[in-house]
Each structure stands twice: as C-alpha cells, then as structure tokens.
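Spelled out, the chains give:
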Amino acid sequence: MAYDLLIRNGRVVDGSGMPSFRGDVAIKDGKIVEIGKLSGPAERTIDAEGRVVAPGFIDNHCHYDAQVTWDPLCSFSCDHGATSVIFGNCSLSLAPVRKGSERRLSEFLSYVEAIPMEVLDTLEFTWETFPQYLDQMDHHLGVNVGNLIGHTAVRYYVMGDDCQKRTATDDEIKQMQGLVRDGMKAGALGLSVSRNQGHFDPQGVHIPAIWADEREIFALGDVLRDLGTGLIQSGGGNGAEMKDALMSRLSEATGRTVVYNNLGQTMRRPGQWQKHMAQVDATTAKGIRAFPMCTPNRITDYFTMRNTQTFRGLPVWHPISLSSPEEQLKAYADPDVRKKLHDEAIEFKGGPAIGICSTWWDYMVVQTAVLEKNKWMEGKTLGEIAKTQGKGIIDCLSDLTIEEHLDTEWLHGENNVDDEAVGKILTYPNAIIGLSDGGAHVQFQSGFGFSTRLLSEWVREKKVMSLEQAVRRLTFESASIFGLYDRGMLRPGMVADIVIFDPDTVKPLPLEVLHDFPTGAKRIKEPAQGIHMTIVNGEILLEDGKHTGNLPGRVLRNTYYHANCV
C-alpha cells in the first residue's frame, strides 16, 4: 500500500496508557492504517526520531463559538497539540438565535467569557437554528470542532426577555426540549447548562440558564436520555454537587455522563477539594457518571482596573467596574465609596464574594507599574504595598488606580496555588483534565497551554504521573467521555489526529499580548515550545508552529447522527 503519510522512528504513546514503544505510523485517506515497523512508499515520510507520536490532544472546554467564524484554527489550542476543540460550554452557545436578537445573545457570551462586544459586534449571524450553525461551520476548519447546545441560548430563544425573570411554563419547556432534540439529531455532542452564580450579563443580572429550576434542567436532559446519545456539561457544577448532589442526580436520572466545572484548589474555600473528591468517590462507587473537570493551570487573571471582572457580583464594586473611566476615577476618589468598598470587600459585611477570597489582596500582584516612581511595587502583592505605605487595602488600591489612571497591570490568582494539592487532583482518576477556556477571557488570561503544561511541569519536572498516563488523560479519556469513539488513540482504523512533540523540551512559553482580533482588539497568547507537528484527519495542520495552509478540520458529531444521518 502506498501511504499518504508515514511517520517513522517515533516513540509511540498510543493513548491507551500502555507503555510506549518505538515504531512507525502509516496514514491513508485520513485514517491510521498500520502501526509497527513499516517501509512502504509514502507521499511524505516524517522522521520522528527523538520525538513522541501521540493522538492529538482534545481541548475539551472552550469558547471559540464566535472566533471559529474568522479563525478556523481556533488559535492557539492547536499550537499546543490540540486537534479537536469543544465549545458551547456553560450554557453559552450562539445558536439557536432569533433574527433581531443576535446582539443580546452575544452579550451573554461577551460578559461571562470576557470577549469584547466590539469584537462580537463584527460577527455575521448567517444561521438561526442549531443544525444550521453546525452545517455552516462544517467547512473551512483547521481543527475539528465539537459543539454543545447552550441552555442560555435555548431559553432566550423560547422565552425572550422573560428568560431572566421567571421559571418556565410546561409549554415553554416542551419548546426547549424540541430545540435540544433538533440540535442533538443534527449531531451536537451534548447539552450545556450552568449553575455558576458568578455568571452575569453586562447589566449585572444572572444569565438565563441560572433562572431555570431543576424541573427544566432534568426535562432537557431527558431528551438526551431518549435519544441515547450525548453528555451534559455544567458550568459551576461543583457548588451544586456539594450542596445537593445535583450533578450526580442529573446523571443518574438521564443515564448520560455529566461533566462539570470544576475540581480545583482555591483559597476561597480551603479544603473543599478533598470534600469534593470524597463526594465523587461515593457517587462513582454507585456507578453514576458525574465527573468534575480539572486543570494543571494556575488560573490567573492579567488585568487593569480599566477593564476587570475580578470584583463582579459585588453590589457596590460591580457597577463601578462597568462604568466609564471618568466615572471610575471619580468613584475611587470618593471617601464614601471607599468606605462602602471596604465594608463590602474587606470586612465582607454583605457576606462572602463570588470571585475573591477573604484575603484576595495577598494574591493580587503588580505586574507592571506605569510610573517610574512606582516600579518598586512590581512583583509585590497589594497587601505588601499597603503595609509598606501604611494604608488600608482600599485606600492603597484606589490611590494607585487614580495615580496611574487605571492602567496599572495586575496579576491575580487564588486558584491551584498549592502544588501538592494540584498534583493529587491531576492524578485523581475520577476527574477529567482540560478546562482550557480557549477563546474566553482573551484579555485577561490564556489557558490553552494546559496540555504542554501538564507534559512539562507535572510530568517532566514534578513527575506526578508517567508520560503515558498524561497522554491518555489528554486524549483517550476526553474522547471517550465526549463520545468521539474514532479518535483519542493510535490504532489502525482510527482517525489520524496526531501530535508529534519533543518530550524533553515541550512546554508553554511566557505570555504575549497581540492585537489581532477583529477591530484590533487585544488578546493574550501563550506560545508553545516542542510541538513539532499537529496533524488533523491525516493532514498536517501545523509544522513547527506554522500553519501549512491546510484546513482539514470537520464538525464532530454524536453517535445518533452517525447511526441515523450519514
């Protein structure tokens, strides 16, 4: 047989978790045809000496819903070895959408996922239904894309503005079920909902999905049960699971796998990750498939006070963050406002905040000071600076904000700061590794380096797991969970989604700031090192970090679609 592509002399890590071996991988017509010691003719032969040949990584939690329409590579997930990305998470999809309501639907995605509205305003909605969205996307793709139907979009489509005012009627729930059914029959990988109490629209009102009661959520899940396909994803499911086992009850009732955000170590709730693990151990022991996601990333935000979501959800601070620069400066200079901020965010008189811990100032570091005289602050926490100046936290922050005209650059991170805890979380078999949030929070953070971070920091340096285990976590496990049964392993007959990387040098590189989004908007890039080749459906997409010009990606569709519609 003449091969299209022959990869020779590589260290084959096949995704199964079994020991790696030295061998060759042959590709023909987009599929793996042979693995072993091969010598047949090929259109192109690649020497992978000294490199790992593995299944392409699956970036299983993204928000490229809009970006994919102008960026078929869904950059920069593919730079880090991802051959497939999955979006429509946390109830936020861009279909279905009624004509005339596109901007409002975009606002939900914009504020929750921190994608500037000026960028989303450039989007041309050429679809209304979810099947139309999938079909229009299924060409001109670099990576493979899987989609979830967003509960927020479905609820807004059926209920209009009432979607953020009340529970749904029986008739409205039936209409929503119909939309979910249409989307699932068209190949959606599942349904996404949200219980995240920090998910607001730009006006400070919870997004539509949060307004749904359990009856509505279970009714939509029943559609997947009836069709026997797809999974359910939930934003903010950890709090709901710890409160009343909602995630595991949803999985048990529908018979579908539920994945949710997230199992992580956070200074907001010290020790909760151990309690969460115990809860998951108890439910999986009963055969219930409700799994939290986790990430090797530190989860940090880069921001200025001109543009921040750190204090969202706080009644006093939230509207200040949304106001004009002039109004912000005026507020921070007002002694009465400062007192209210102190009561709210230092003494927490109104109760705990959603997005910050009780000592958040100890985890908020000056990254770049604008004025020369303030350069000494760089690398120091707000708490350290306040102590040095003999000021209170709010006075210190407000004075610096005014002095540097809102442009001081901060780095804030309270999550996954305990390495020992993160190591235990990453090796916990009942959690799914991923959660890059690619395409979201584009001006504040960059999480698509989760795969190269796992391989470098946690495998090569800290040795918390073997390379074979890590590759399995990045490939086969997500493929199985999301119903992508023809991917995630290197086996004859499987689709040739492959990444070739150097295990000794692979890692994420320091963040860069780009202005390459529509309208020249800023976004943060995390480059990758050591990824030699990203191969999608048997075609080389990236070689040494450069796009080959090929666009071999496809929309990934569920088992029902493949059984009934192909």
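Just above, that's the structure.
Residues numbered from 1 in each chain as written. Predicted model: local features only at pLDDT ≥ 70, side-chain atom pairs only at ≥ 80, totals over all residues. Heavy atoms only, no water.

### So, the overall build of the protein chain
Each helix and strand in the protein chain was counted, giving 19 helices and 25 strands. The C-alpha radius of gyration of the protein chain comes to 24 Å, within 12% of the 24 Å expected for a compact globule of 566 residues. Along the three orthogonal principal directions, the C-alpha set of the protein chain runs to about 80 × 60 × 50 Å. Here the analysis covers contacts within the protein chain between residues at least 6 apart in sequence; of these, 74% occur between residues at least 24 apart. (Helix = DSSP H or I, 4+ residues; strand = E, 2+ residues; numbered from the N terminus. Rg over C-alpha atoms; globule rule 2.2 N^0.38 Å. Contact = heavy atoms within 4.5 Å.)

### Brief notes about the packing of helix H1 (residues 102–113) against helix H4 (residues 151–159)
H4 packs onto H1 with a crossing angle of 150 degrees between their chain directions and a minimal axis gap of 11 Å. Considered as vectors, H1 and H4 are oriented roughly antiparallel to each other. Between H1 and H4 lies a crossing whose hand is right-handed. On H4, the residues that touch Arg 104, Leu 105 and Phe 108 of H1 are Thr 152, Ala 153 and Tyr 156. (Axes fitted to C-alpha atoms, helices over the stretch in contact; angles between N-to-C directions. Parallel < 35°, antiparallel > 145°, perpendicular 65-115°, else oblique. Left-handed = near helix turned anticlockwise from the far one by under 90°.)

### Thoughts on the sheet that holds strand E13 (residues 301–303)
The strand order across the open sheet built from three strands is E13-E15-E14, with neighbouring strands paired in antiparallel fashion. With partners counted over all chains shown, the strands left at the sheet margins are E13 and strand E14 (364–368), one partner each. Across the sheet, the mean angle from the axis of one strand to that of its neighbour is 25 degrees, orientation sign disregarded. Across four bridges, the pairing between E14 and strand E15 (residues 409–412) is antiparallel. By the bridge assignment, Val 365 is partnered in E15 with Leu 411. (Pairing = 2+ DSSP bridges.)

### Section: helix H17 (residues 467–474)
Of all eight residues in H17, six are buried; the element is thus mostly enclosed. For H17, the full list of buried residues reads Leu 467, Glu 468, Ala 470, Val 471, Arg 473 and Leu 474. (Buried < 20%, exposed > 50% of the residue type's maximum accessible area, 1.4 Å probe, protein only.)

### What about the packing of aromatic side chains?
Scanning the entire structure with this criterion turns up 11 aromatic pairs. When the ring of Phe 311 is compared with that of Trp 360, the centres are 5.2 Å apart and the planes differ by 75 degrees; the resulting orientation is edge-to-face. Taken together, the residues Phe 311 in the loop between E13 and helix H10 (317–322) and Trp 360 in the loop between helix H12 (335–345) and E14 connect sequence positions 49 residues apart. In terms of burial, Phe 311 and Trp 360 fall into one category: buried. (Phe/Tyr/Trp six-rings, centres within 6.5 Å; stacked < 30°, edge-to-face > 60°.)

### Concerning the environment of Leu 250
With respect to the helices and strands, the residue Leu 250 is situated in helix H8 (residues 246–254). Since its relative accessible area comes to 1%, Leu 250 is described here as buried. Remark: the alpha-carbon pair of Leu 250 and Gly 221, spanning 29 residues in sequence, is separated by 7.5 Å. In this structure, Leu 250 is in contact with Ile 217, Phe 218, Ile 232 and Val 258, ignoring residues within four places of it in sequence.

### Quick word on the environment of Asp 544
Looking at where Asp 544 falls in the secondary structure, it is placed in the loop between strand E23 (539–543) and strand E24 (546–547). In this structure Asp 544 comes out as partly exposed when scored by relative accessible area, which is 48%. For the pair Asp 544 and Ala 186, spaced 358 residues apart in the sequence, the C-alpha separation amounts to 36 Å. With residues up to four places along the chain from it excluded, the contact list for Asp 544 reads Ile 531 and His 532.

### Looking at unusual backbone geometry
Most of the time, phi is negative for any residue but glycine, and the peptide bond is trans. In this chain, Ser 75 is followed by Phe 76 through a cis amide linkage whose omega measures 20 degrees. For the peptide bond that leads from Asn 261 to Asn 262, omega is -20 degrees, which places it in the cis range. Position of Asn 262 relative to the elements: it lies in the loop between strand E11 (258–260) and helix H9 (272–285). Phi at Cys 74 takes a positive value of approximately 50 degrees, unusual for a residue other than glycine. Looking at where Cys 74 falls in the secondary structure, it is placed in the loop between strand E6 (57–59) and strand E7 (82–87).

### Quick word on the nonpolar core
Counting residues in hydrophobic clusters, the biggest one holds 104 residues, and the most contacted among them are Phe 87, Met 137, Val 145, Val 180 and Phe 501. Examining the composition of this core, we find that seven residues originate from one element, helix H6 (residues 214–227), more than from any other. Membership of the second largest hydrophobic core comes to 35 residues, among which are Trp 361, Val 366, Met 377 and Cys 396. (Core = buried A, V, L, I, M, F, W, Y, C linked by side-chain atoms within 4.5 Å.)

### Observations regarding the side chain of His 276
Relative to the helices and strands, His 276 is located in helix H9. The residues touching His 276, leaving out its near neighbours within four places in the chain, are Asn 238, Met 242, Tyr 260, Asn 262, Leu 263 and Pro 292.

### Some points on the side chain of Gln 328
Tracing the sequence through the fold places Gln 328 in helix H11 (residues 325–333). Other than its neighbours up to four places away in sequence, Gln 328 contacts Met 305, Arg 306, Ile 320, Ser 321, Ser 323 and Leu 406.

### Re the pairing of strand E10 (residues 231–235)
The element E10 is largely enclosed, with a buried count of five among its five residues. On E10, burial covers both faces: Leu 231, Gln 233 and Gly 235 on one face and Ile 232 and Ser 234 on the other are all buried. Direction of pairing for strand E9 (residues 190–194) relative to E10: parallel, over a ladder of five bridges. Within the sheet, the bridge partner assigned to Leu 191 lies in E10 and is Ile 232. With respect to chirality, the unit in which E9 leads through H6 into the neighbouring parallel E10 is right-handed. Where E10 lies against E11, three bridges are found, and the strand directions are parallel. Residue Ser 234 lies in a different strand from E11, and its bridge partner there is Tyr 260. (Right-handed = clockwise from strand over helix to strand, strands pointing away.)

### Digging into the environment of Leu 314
With respect to the helices and strands, the residue Leu 314 is situated in the loop between E13 and H10. Looking at Leu 314, the relative accessible area reads 6%, which means it is buried. The sequence separation of Leu 314 and Leu 397 amounts to 83 residues, and the corresponding C-alpha distance is 17 Å.

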